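Given next are the chains, with one letter for each unit.
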Amino acid sequence: MLNKLTWPTVAWPILAAPMLAVTVGISLTACKILPTPSGENDGKAPAFNADKMVGDIWAAKVVPYLQQKAGPFPEVHALAKADPAAAGAKYGNPKKQANSPWTFAVRLEGKVVTANTQSRAATMDVDADGDGKADARVQIGPAMRGTALRDSLDFIQFNDFTNQIDFAQFGKAFNIYADRTVLSKLPREALEGRSVRVVGAYAMGSGQDLPLVTPAEAEIGPKP
């Protein structure tokens, strides 16, 4: 007579084999091998590159725009203090964001009164009207504050960018490019008394005692 307690022990291995085979077969049938996307960025859109974007438009659009739009600094600054909107319409970006300060394109010519080149945020104070007193402060890098160059351009709009971070990086990229291509080539020693010529931009109410001009072009004359 067959013992009921030992029967499952003998039969179980015989039944388990076909069940295992069925399970493996189902798993292999359900699995699909998908092709890996090829090409740059795995088929995705190119990553945002603020430095390249600025480099692509600098010579072709940025500098020509500022050269055409800029007014003499004494004239621009006097009008800006009297009527910011009128100065903005003539020398600024009328398409600016509603709550943003006016940013003006200017040509600044004069003599260096004092200079601070010990800091990474180097500057020189410029007398533009010949009275011996500084009228504007010019950033000469490598570290520079603000986004005046970006904000002075009427063909650059916030809505053209995916988010605030990209827009901010784009603004900083102008300062980086200006330093690399223009400002890093300027002399740094014995600047007092030298003549200077700048084409650039400054924002109204930048928190400085003097208007803070960021150059797109800059020349410094020889020692007097």
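What counts, and where the lines are drawn
- Residues numbered from 1 in each chain as written.
- Predicted model: local features only at pLDDT ≥ 70, side-chain atom pairs only at ≥ 80, totals over all residues.
- Heavy atoms only, no water.
- Helix = DSSP H or I, 4+ residues; strand = E, 2+ residues; numbered from the N terminus.
- Areas by Shrake-Rupley, 256 points an atom, 1.4 Å probe, with all protein chains shown as cover.
- Contact = heavy atoms within 4.5 Å.
- Axes fitted to C-alpha atoms, helices over the stretch in contact; angles between N-to-C directions.
- Left-handed = near helix turned anticlockwise from the far one by under 90°.
- Phe/Tyr/Trp six-rings, centres within 6.5 Å; stacked < 30°, edge-to-face > 60°.
- Buried < 20%, exposed > 50% of the residue type's maximum accessible area, 1.4 Å probe, protein only.
- Lys NZ or Arg CZ within 6 Å of the ring centre and 35° of its normal.
- pLDDT = per-residue confidence, 0-100.
- Expected span 1.5 Å × (residues − 1).
- Polar contact = N/O pair within 3.5 Å; in protein donor to acceptor, adjacent residues only side chain to side chain.

S.K.: How should I be thinking about the overall build of the chain in this particular structure?
M.R.: Along the chain, the regular secondary structure elements total 6 helices and 6 strands. Carbon and sulfur atoms make up 58% of the accessible area of the chain, which totals about 13,500 Å².

S.K.: Can you walk me through unusual backbone geometry in this structure?
M.R.: With the exception of glycine, the majority of residues adopt a negative phi angle, and the majority of peptide bonds are in the trans configuration. Following G141, the chain continues to P142 via a peptide bond in cis, the omega torsion being 10°. By secondary structure assignment, the location of P142 is in strand β4 (residues 136-142). In this structure, A190 takes a positive phi of about 50° despite not being glycine.

S.K.: Could you clarify how one ought to interpret the environment of A136 in this entry?
M.R.: Relative to the helices and strands, A136 is located in strand β4. Distance in space between the C-alpha atoms of A136 and G110 is 9.8 Å, their sequence separation being 26 residues. When near neighbours in sequence (up to four residues on either side) are disregarded, A136 contacts F73, L108, M124, D125, V126, L210, P211 and V213.

S.K.: Any chance you could explain the packing of helix α2 (residues 50-69) against helix α6 (residues 164-181) here in plain terms?
M.R.: Relative orientation and spacing of two packed helices are given, respectively, by the angle between their axes and the distance between those axes. At their nearest, the axes of α2 and α6 sit 9 Å apart, and the two run at 65° to each other. When you trace α2 past α6, the crossing you get is right-handed. Every residue of α6 that contacts α2 at A50, D51, M53, V54, G55, I57, W58 and V62 is listed here: Q169, F170, A173, F174, I176, Y177, A178 and T181.

S.K.: Just to check I follow, could you spell out the packing of aromatic side chains for this structure?
M.R.: One pair of aromatic rings is described through two measures. These are the centre distance and the angle between the planes. Applying the stated criterion to the full structure yields 10 aromatic pairs. Pairing F170 with F174 gives two aromatic rings, centres 5.0 Å apart and planes at 80°, and the pair type is edge-to-face. Note that F170 and F174 are positioned in helix α6 at a spacing of 4 residues, about one turn of the helix. By relative accessible area, which is 1% here, F170 ends up buried. Taken together, F48, W58, F158, F161, F167, F170, F174 and Y177 form an aromatic cluster joined through their ring pairs. The lysine or arginine in question, R150, covers the ring of F167, its NZ or CZ lying 3.7 Å from the ring centre.

S.K.: I'm lost on the confidence of the model for the chain in this one. Help?
M.R.: Do not read the fine detail of predicted coordinates wherever pLDDT is low. Here the chain averages 84 in pLDDT, while 79% of its residues score no lower than 70. pLDDT under 50 marks residues 1-39. Its contacts with residues more than four places away, or in other chains, come to 3 contacts.

S.K.: Would you mind showing me how to read α6 here?
M.R.: Side chains of residues three or four places apart in an α-helix project in the same direction, reflecting 3.6 residues per turn. With 18 residues, α6 should reach 26 Å at 1.5 Å per residue; the first-to-last C-alpha distance of 26 Å fits that figure. Looking at α6, one finds that the buried residues are D166, F167, F170, G171, A173, F174, N175, Y177, A178 and D179. Contact partners of the buried residues in α6: α2, β4, α5 (148-151) and β6 (212-220). Its side-chain oxygen at 3.1 Å from the backbone nitrogen of I165, N163 defines the N-terminal cap of α6.

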